[in-house]
Structures are given as C-alpha cells and as structure tokens.
Amino acid sequence: MKPKLSVNIGKLKLNNPVMVASGTFGYAEELKDLVILKELGAIVTKTITLNPRRGNPPPRTCETPSGMLNSIGLENPGVENFLKEKLPFLKKSGVPIIISITSESGVEEFVKLARRLDGVKDISAIEINISCPNIRNDTKIPRCQGTRLIAQDPKATHEVVKAVRKATGKTLITKLSPNVTSIAEIAQAAEEAGSDALSLVNTLIGMSVDAGTRKPKIAAITAGLSGPAIRPVALRMCWEVYQKVKIPIIGMGGITDISSALEFFICGATAISVGTANFINPKTATEIISGLKEYLSENKINNMKEIIGDLKL
Amino acid sequence: MPQIKAKIVYNKKVKENYWCCVFNAPEVVKKASPGQFLNIRVEDKELLLRRPFSIHGIQGSGLGIIYEVLGKGTKYLSRRKPGEYLDIIGPLGNGFDYKTQGCQGTMVPVLVAGGMGVAPLFFLAEKLRENQNPKSKIQNVVLIGAKTKNHILCEKEFKAAGFDVRIATDDGSRGFKGYVSELLEKILSADLRHVQSASSKDAERSRGIYACGPKPMLKEICRISRKYGLSSQVSLEEHMACGIGACFGCVAETKEGYKRVCKDGPVFKADDLIW
Ligand SMILES: Cc1cc2nc3c(=O)[nH]c(=O)nc-3n(C[C@H](O)[C@H](O)[C@H](O)COP(=O)(O)OP(=O)(O)OC[C@H]3O[C@@H](n4cnc5c(N)ncnc54)[C@H](O)[C@@H]3O)c2cc1C
Ligand SMILES: Cc1cc2nc3c(=O)[nH]c(=O)nc-3n(C[C@H](O)[C@H](O)[C@H](O)COP(=O)(O)O)c2cc1C
Ligand code: FES
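Undergrad: Please set out the domain arrangement of chain B residue by residue, giving values where relevant.
TA: Residues and elements named next belong to chain B. Per the domain assignment, the segments of chain B are domain 1 (3-92) and domain 2 (107-272). Using C-alpha coordinates to define each centre, domain 1 is positioned 23 Å away from domain 2. Note on domain 1 versus domain 2: buried area summed over both sides is about 1,900 Å², and carbon and sulfur give 68% of it. Considering only the surface of domain 1 that becomes buried against domain 2, Tyr 18, Pro 34 and His 56 emerge as the three largest contributors, covering 28% of it. Inspection of the domain 1/domain 2 interface yields zero salt bridges.

As structure tokens, this is what we get:
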C-alpha cells in the first residue's frame, strides 16, 4: 500500500508535506529547468511589500562554516507588479502557492496587502513575515521601533496577526524568528490571534568579518544565518513550540536531505520547508519527497501523520 | 540550463596557481555562449555553496574552465581526478553580444583581460573568429594584464586564433609596465592622434571593447569607454548563492536599479553600469 503523504495546513490541503522556503526559490520560474515543480507540496514566494523595494547594497551574501549569511533586504517588485508579472507563471506550476508578505510601515500595510491578496483566487495561503532581520523596522507599531522585529514581541505579534486575520479568509501562516528568548511564547500569541499555522524559523542574526581588510563581509554588517549551521537550533525551537501550540508547524532551518527532514517531523512539524539547500541542489525538496515515501514504506507506516511529533522519550 | 554530472577528462596545473579542468558535458556545450558560466558543486562536508566559473572553451562534447586556486573550494576542485564526476549547473547568465557587434566588420574587437579575466574571453575569441568573414581585414586585438610575466595566461592560444596580443604586467617584467586599463588608454589615445591626422571622423568609434577582470579594472574600463565614446561590454563578478536568479544575492547597480549578475549579467553594457 502506498503511504499517505497529504497533510492539512489550515484550510489548505497539501499533497505532500515538503515545500520550498520564502526567498530561496525566487518566483519559481528561475528553477523551472531544474525542478519538477508539480511534485512540490507548495511553493512559498519571496516576501513582497506593498511598494517595490530596492533591497540592500551588495555584497549581500557570504559563505560561513556549514551555512551562509544573507542580507538581501527584501528586494521585490511590489504587490501589483508581482501579481502582473510573477503570479501567472506560479499559477501554471499546479501546486499551492503561498505568498509571503511584510510591511515597511505599520499594521495597516499588512492589512492592505492581505485584503488585496484575499480576492486573488490562485493564491492558496498568506504567510506573514514578521521576522526578517534584514530590514530596519521603522514600523509604527510602538513596541517595534528601532531594530526590533515584530516577532520579538508577543503583543506586537498578536496585534499584527489579529489585524491580518480580520482582513483575509485565506489560510494564514505566521513566520517566526529564532532571535528570541522564548519562541513558544511568541507562537502562542500568534495562535491566540488566529494564525492557522506557524513557519519556523527565519534566519539567525549573525556577522562575518574579513580579517585582512577588517571590513564586514556583508555590506549591511549584520545578516541572517541559514543552512545546516542553524539546524540544531531550529529543531529545538520546533520541539518547544510543538509542545505549546495546537496549530500546525512548518519546520525549517538547515534541512538538506531526508534524514534532516525527518528530524523536524519527529519534533512536531506537520510540513517542512527547504531553504538554503535549494541553492546547492535544487532537487533537494523533490528528493526528500521520494525519500519520505521510501522511509514510510520501509517502516510500514501508512500515514505520514503518524510520525509527526513521535519523538521517543 | 541543465544540472548534470560531468565526467572529468583532464585537470592539471597550467602554471603558478592556475589550473585547467576539462569535462564531458554535451548538454551544456550545445547551449554555451561566451561570457556564460557554470555553477559547480563542491562536495566537501564543510563547504556549502556552489562556485561559479566562466566557460573557457569547448571542444567536441568537452567543456573547459581555467581557475585560480584561492580558497577551499578551488582547492577541492584541483584535487579531483580524471574519471571523477562534477555536479554542474549551466550554462548560466547572459554572455557577450558578439554577433551584432564584433562580427560585422564595423567594429574592431578589443578584448581586455585582467588576471583570470582571460577565462571567458578566450571562448569569445574563438567565437569571434568563427563568425567573422575570413576575407575581412579586421585585426582582432587582445590586451592581457597579469601580475608578472609568469602569470600571463593563454598568450599562445590567442595568437593561434589570429589575435594581436599585447601584454601589460604590474611589475613590468614583460610588455607594458602598469595596468591593462592604462595600456588600453594608451592605445586609444594613439588611435585618436592617428585619426586626427588622417581626418577620418568616426574611426576612433570603431573599437568594441570586451572586458573581464577585477572590479577596479572594470570600473576603469567603463570610465575610458565613456571618455572615448566606445561601445563596451564588461563581465562582472559578485558573490553568488544560487547562481540562477532566485535569491537576489548578487546584484550590481545599473541605470535601471539593481540587476542580478548571475541572471541579468554577468555581462553588462558599460554604459548601463553605475559605479
Ligand atoms: C560569473 C563568475 C565567473 C567566474 N569565473 C571564474 C573563472 O573562470 N576562473 C576562476 O578562477 N574564478 C572565477 N570566478 C571566481 C571564483 O568563483 C572564485 O574564485 C571561487 O568561487 C573561489 O572559491 P574558493 O572556495 O576557492 O575561495 P573562498 O575565498 O574560500 O570562497 C569563499 C566564498 O567566496 C566566494 N568567492 C570568492 N571569490 C569570489 C569571486 N571573485 N567572485 C565571486 N565569488 C567569490 C566563493 O564562491 C565562496 O562562496 C568567477 C566568479 C563569477 C561570479
Ligand atoms: C537568500 C535568502 C533569502 C531569504 N529571504 C526570505 C524572505 O524574503 N522571506 C522570508 O520569510 N524568509 C526568507 N529567508 C529565510 C528562509 O525562508 C528560511 O526561513 C531560512 O533560510 C532557514 O531555512 P534554511 O536553513 O533551510 O535556509 C531567506 C533565506 C535566504 C538564505
Ligand atoms: S546568486 Fe542568487 S540571484 Fe544571483
């Protein structure tokens, strides 16, 4: 018997629990020659804002031991250009499309974006990115001025999620930051405010310096760390959140193959997302899907759901 | 732009710290154009990102790169043996526009290479020659800049392709002493004098520059190109994560805002770049 791979994220049914993470898969068109897109569980697109955004000055990326730093600064064409230029291709891919959004100003921009996307039928879900470390957060949310992220404050998280919840009937996913003392506390705030699911984690804030020139390797000085280097931290956070919330978790952070994907399922993730690994082997996500089928068959497990949170203690 | 496993047929040191690697990659060869590059996986535990290398030449189904061993990734590459396989994505990016410019006889191609910059320019040289009318009297020129006389790459190969080869070395151990961009400016100002005495107005505009090399050199080339009103194309390098346009990690500033070096480049018109 073929094991059942499908899972639900809010109202959204995924054929399989393996998706690709925001910012690491462009708008999918860039990968069409390299990946059989229709095999993916879902595609999460690069975070968009209401208006076009230029992003940060280069250099924007550098490699670090078993990881990388990035400070793209959310370069994107803005929501209207996105809908006109990028969505038509995404639609053709035949898999659920999850649109990641953020605000450059305040809660109102989140609400405007969510309302705008709510009416677009080809969009399956909205992910709110309240955890990008690469934009200066000058939001009008009083608690988040300066460089604080919304996802670093449970009350601000609650406020934003609640406002977006009111603006859309689509499945709502909140993306959390690992740069916090207690991620479970933030997760609970998002759940209480009506988020249907949680994506975790975004990147860890880091730095790298060229000792020869004494210059930072990234122009924006600090940047987000991703890749296998952050996997143990991300996994621990997945487990912590799983014990405290009922809504599904989309786990990510350094997943590169089937065994690292399984770690996240076992620690409570209903679905997983592949990020940095797309750069190294664009077929990582589809290889994980085949790996998952094999693993379940070999272990005589009929339904994927049986391994979620099944950490043997 | 396929992702393939390419079998290495040759991988040896050329001179100093420069290596040449040839692998069998018919799928890539079919589509390759000068100025495009490959993103090669380094399957080392500690290393993560692929490393970009320009396509240096093709022969049959073989595809060659030349590279300088600088860090762990290129060291890994230099240890690979014939018979082993490399995981390659390519050809990537937009290469040189040579068909409309360099081959119609209205432009005299001048190739300007700084250091490793010869890598894509040699492939370009071969394509220019292939596409030019053999009867045309165009004398293709290449300026090669290197640290010392021991670091000059591909001189013989360019000569065999019928190029007039001019050399500049930083230490003056061969050819012009100084930067290759200075050598270019010297040649252009001599052109100008020649043109003025011959009173032919537009001859100085007839050079088309194709350049690849370190950033400061390319910046100079762009300045010179504007000063002399030339049409120039330069191939940029930027740190890359994906190499396929998906991450927006590799941007360069242009008149139309940031552009991705890996997807919109690596070759740009000099006039479009902002330094
Ligand atoms: C489009 C393009 C074409 C290139 N073609 C060639 C070529 O034909 N021959 C050649 O020798 N080199 C070429 N390079 C440069 C080459 O990619 C780097 O020298 C190489 O990645 C160094 O890797 P490493 O691990 O040995 O060095 P490290 O210094 O350890 O590399 C660390 C990180 O920095 C990146 N990096 C280092 N130097 C550069 C650079 N100059 N440009 C971009 N990223 C860099 C690496 O990819 C890696 O992520 C090219 C670069 C680009 C962008
Ligand atoms: C180059 C790059 C760009 C990213 N851009 C975004 C983004 O726009 N929005 C977002 O929510 N996360 C973004 N991320 C974070 C990833 O979606 C993911 O949460 C993180 O990288 C951890 O997973 P990984 O280790 O598998 O990459 C980006 C990550 C990278 C490496
Ligand atoms: S390296 Fe990712 S967009 Fe160029």
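From this point, things continue past the structure.
Undergrad: Residue-level account of the pairing of strand β14 (residues 223-226) of chain A, with values.
TA: Residues and elements named next belong to chain A. Judged from the three bridges that link them, strand β6 (residues 67-70) and β14 form a sheet pairing that is antiparallel. Within β14, the position partnered with Leu 69 by the bridge is Leu 225. The pairing of strand β11 (residues 204-206) with β14 spans three bridges and is classified as antiparallel. Along β14, the bridge assignment pairs Gly 206 with Ala 223.

Undergrad: Could you give an account of the sheet that holds strand β8 (residues 108-114) of chain B, with specific residues and numbers?
TA: All names here are of chain B. Taking strand neighbours across the sheet as the criterion, the seven strands line up as β11-β10-β9-β8-β12-β13-β16 in an open arrangement whose pairing is mixed. The open sheet has two edge strands with one neighbour each: β11 (176-177) and β16 (267-269). Strands in contact with helix α6 (residues 215-227) are β8, β12 (207-212) and β13 (231-235); relative to β12, the strand with the most contacts, it is inclined by about 165 degrees.

Scoring rules and cut-offs
Residue indices begin from 1 for each chain and proceed along its sequence in written order. Whichever chain is written first is A, and whichever ligand is written first is 1; the rest continue in order. In keeping with the model being predicted, local features are shown solely for residues with a pLDDT of at least 70 and side-chain atom pairs are shown and tallied solely at 80 or more, while totals for entire chains, interfaces and linings include all residues. Note: side-chain values were computed over all heavy atoms of the structure, leaving out hydrogens and water. The split into domains, and so the bounds of each, comes from an automatic or database assignment of domains. Accessible area, probed at 1.4 Å, shrinks when two parts are joined; the buried area is that loss added up over both. In the sections that follow, a salt bridge refers to a side-chain nitrogen of Lys or Arg positioned within 4 Å of a carboxyl oxygen of Asp or Glu. Strand pairing requires that DSSP identify at least two bridges connecting the strands. For the purposes of this entry, the term helix denotes a DSSP run of H or I that reaches at least four residues, the term strand denotes a run of E that reaches at least two, and both are numbered from the N terminus. Whether two residues touch is decided by their heavy atoms; if any such pair falls within 4.5 Å, the residues are in contact. Fitting a line to C-alpha atoms yields each axis, with helices limited to the stretch in contact; the angle taken between N-to-C directions then spans 0 to 180 degrees.

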